[in-house]
Amino acid sequence: MDIGIDLGTANTLLYVRGKGIVLNEPSVVAVRDGGRGAPAIGDEARESLGRTPDSVSALRPMREGVIGDYEAAREMIRYFVRKALKGRRTRTRMVVCMPTGVTPVELRAIVQAAQEAGGRTVHLLDESMAAAMGAGLPVDEPRGSMVVDIGGGTTEVAVISMGGIVTSRSLRLAGDRMNTAITEHIREERSLLIGERTAEEVKLEIGSAWPVPDDQALESRTCTVRGREKINGVPTALILTAAEIREAMHEPIEAIVATVQSTLAECPPELAADVMKHGIVLTGGGSLLPGLAQRIASATGIGVTVAGTPLECVALGTGKCVEEFDSVSTKVLTPAT
Ligand code: ADP
Ligand code: MG
């Protein structure tokens, strides 16, 4: 059996050859009783994030694109692979995608975990390449395509041509940093302490990167948050507006825009011309933020579209590789074993 794995900082997806995406769960591990109990992983662990009692600690092993917790990352990948394979430990070929920037040691740990979970051979696929393939871009053609994958922990920008990455940049911030920016704004400007989950809810409810003219409904929307008052800890509720939250997220948004601009500036002129002609494609959950495509379009003067199912592009890209394993393997895949 061949499987593709998108090991994201926020979500992990598994693609099984002939079946499609069979698993899509948050990359979260909750360790119980100081590590003595079996950890809860994925969907089971998500609920405990930010509201764990002292005996439980929930962590995100892939936070910010690097493996923050080695052992937890191994447990997580083993658990997901076994779940997807439903206990059938057949000898499997795997295509694994990870954020660029993981160190060789971290990579080794993940490859080993994949092997322990049944991976006979493990191949590595660049995340931007996977995103572009999953978004349906013509990666093999001699024409420049730009893909911007905005995940939880990292933003990957790449220009691809003839099956290879020509120019790329990796930024260690994405959706998570937008949440942190919201949390900090509400703490500093409104004196309210809120948790990570609440900040995420605010972003999904009223967040935007740019005033969206054709979405008046969003502009007038407000949202009520509950938290603790900064000074005296009293539970308090506040009303937030879309404009206020847009301002709060300004910094991370502009960092993403600047990374797109500098990648364009670095890429060979012919390929930049192709990108200008054909546009930029956004993938990853962060691309769903209203107005982000418009913001990038206005900064670059290039048309920007969001891929069809942005949260699934990387997994679908690994899927393309496992479906046509032998024809693509020598071109875009790096054997890890
Ligand atoms: P990763 O590949 O790092 O696991 P994903 O591509 O799964 O990341 O995207 C997760 C990120 O997308 C999270 O930060 C989440 O808050 C963000 N996200 C998901 N849906 C939306 C949305 N509708 N608007 C804004 N951000 C979103
Ligand atoms: Mg991703």
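Residues numbered from 1 in each chain as written. Chains lettered and ligands numbered in written order. Predicted model: local features only at pLDDT ≥ 70, side-chain atom pairs only at ≥ 80, totals over all residues. Heavy atoms only, no water.

### Thoughts on the overall build of the protein chain
Filter applied, for reference: Helix and strand definitions follow DSSP, with helices as H or I runs of at least four residues and strands as E runs of at least two, each counted in order from the N terminus. Both definitions apply: the radius of gyration is a C-alpha atom measure, and the globule rule equals 2.2 Å times residues to the power 0.38. Only protein chains enter the area calculation, which uses a 1.4 Å probe; residues under 20% of their type maximum are buried, those over 50% are exposed, and those in between are partly exposed.
When you go through the protein chain residue by residue, the secondary structure sums to 13 helices and 17 strands. By the compact-globule yardstick of 20 Å for 337 residues, the protein chain fits well, its C-alpha radius of gyration being 20 Å. When its C-alpha atoms are laid out on the principal axes, the protein chain stretches across 60 × 55 × 30 Å. Looking at the protein chain as a whole, 51% of its 337 residues are labelled buried.

### Re the environment of Pro99
Positionally, Pro99 belongs in the loop between strand E7 (92-98) and helix H3 (104-116). We classify Pro99 as buried; its relative accessible area is 2%. In this structure, the C-alpha to C-alpha distance between Pro99 and Glu270, residues 171 residues apart in sequence, is 28 Å.

### A few points about the packing of helix H4 (residues 127-134) against helix H12 (residues 313-323)
Put simply, the rule is: Helix axes are fitted only over the stretch in contact, all axes being lines through C-alpha atoms; the angle between N-to-C directions runs from 0 to 180 degrees. When describing relative orientation, an angle under 35 degrees is termed roughly parallel and one over 145 degrees roughly antiparallel, while 65 to 115 degrees is termed roughly perpendicular and anything else oblique. By definition, residues are in contact when any of their heavy atoms lie within 4.5 Å. Classification used: nonpolar for Ala, Val, Leu, Ile, Met, Phe, Trp, Tyr, Cys and Pro, charged for Asp, Glu, Lys and Arg, polar for all others including Gly.
Packing of H4 against H12 leaves a shortest axis separation of 6 Å and a crossing angle of 85 degrees. If you check the angle between H4 and H12, you find them roughly perpendicular. In this structure, H4 contributes Glu127, Ala130, Ala131, Met133 and Gly134 to the contact, and H12 contributes Cys313, Val314, Leu316, Gly317, Thr318, Lys320 and Cys321. Its residues assigned to classes, the contact of H4 with H12 comprises seven nonpolar, three polar and two charged.

### Description of helix H11 (residues 292-300)
Using the following cut-off: As used here, the arc belongs to the directions running from the helix axis to the C-beta atoms.
Three or more residues of H11 are buried, namely Leu292, Ala293, Arg295, Ile296 and Thr300. When H11 is viewed along its axis, its buried side chains cluster within an angular range of 160 degrees and face the same direction. Where the residues of H11 are buried, they touch strand E9 (145-150), helix H9 (250-266), strand E15 (280-283) and strand E16 (304-306).

### A look at the layout of surface pockets
To keep it simple, the criterion reads: In the cavity and pocket records, a cavity denotes points on a 1 Å grid over the protein atoms alone where a 1.4 Å probe fits but cannot get out, a pocket denotes an open set with protein on both sides within 12 Å along at least 5 of 7 lines, and lining residues are residues with an atom within 4 Å of a point. Grid points are joined across faces, edges and corners, and a volume is the space filled by probe spheres set on the points.
Roughly 940 Å³ of internal volume is contained in the largest pocket. Lining the largest pocket are 39 residues, with Ala10, Asn11, Gly152, Glu200 and Leu311 positioned closest to its centre. The set of elements that each furnish at least two residues to the lining of the largest pocket consists of strand E2 (11-16), helix H5 (175-190), helix H6 (196-206) and H12. In this structure, the second largest pocket occupies an estimated 210 Å³ of space.

### A closer look at the pairing of E15
The condition that has to hold: Whether a crossover is right-handed comes down to one check: with the strands pointing away from the viewer, does the path from the first strand over the helix to the second run clockwise; if it does, it is right-handed.
Here E15 shows two buried faces, one formed by Ile280 and Leu282 and the other by Val281 and Thr283. One crossover worth recording links E15 to the parallel E16 by way of H11, and it is right-handed.

### What to know about the site of ligand 1
Basically, it comes down to this: Nearness of a residue to a molecule or strand requires only that one of the residue's heavy atoms be within 4 Å of it. Think of a polar contact as two N or O atoms within 3.5 Å of one another; within protein, one of them needs to be a possible hydrogen donor and the other a possible acceptor, and neighboring residues in sequence only count if both atoms come from side chains. Only the protein chains shown count as cover for residues, and the accessible areas themselves come from Shrake-Rupley with a 1.4 Å probe. In this description, a molecule resides in a pocket or cavity if more than half of its atoms sit within 2 Å of the grid points defining it.
Taken together, 18 residues surround ligand 1, and among them Thr9, Ala10, Asn11, Glu200 and Lys203 come closest. In this structure, Ala10 approaches ligand 1 through a main-chain N or O atom, which is 2.7 Å from an oxygen atom. In this structure, Asn11 approaches ligand 1 through a side-chain N or O atom, which is 2.7 Å from an oxygen atom. With the chains in place, 87% of the 580 Å² that ligand 1 exposes on its own is no longer accessible. Here ligand 1 is seated within the largest pocket. Here the element with the most residues in the shell around ligand 1 is H6; it accounts for three residues. Residues that form the shell around ligand 1 fall into these classes: five nonpolar, 10 polar and three charged.

### A word on the environment of Val102
Positionally, Val102 belongs in the loop between E7 and H3. What makes Val102 buried here is its relative accessible area of 16%. Along the primary structure Val102 and Met62 are separated by 40 residues, whereas in three dimensions their C-alpha atoms are 9.5 Å apart.

### Some remarks on the sheet that holds strand E12 (residues 192-193)
Inclusion rule: Criterion used throughout: strands pair if DSSP finds at least two bridges between them.
The three strands are arranged E12-E13-E14 in an open sheet whose pairing can be described as antiparallel. Only two strands of the sheet have a single neighbouring strand rather than two, namely E12 and strand E14 (235-241). Alignment of strand E13 (residues 222-229) against E14, held across seven bridges, turns out to be antiparallel. Across the sheet, residue Cys223 finds its bridge partner in E14, namely Leu240. Sheet strands in contact with H5 are E12 and E14, and its direction is about 110 degrees off that of E14.

### Some words on the pairing of E7
The element E7 is largely enclosed, with a buried count of seven among its seven residues. Burial along E7 is two-sided: the residues Thr92, Met94, Val96 and Met98 and Arg93, Val95 and Cys97 are all buried. Pairing of strand E1 (residues 2-7) with E7, which is carried by five bridges, proceeds in the parallel orientation. Counterpart to Asp6 in the pairing with E7 is Cys97.

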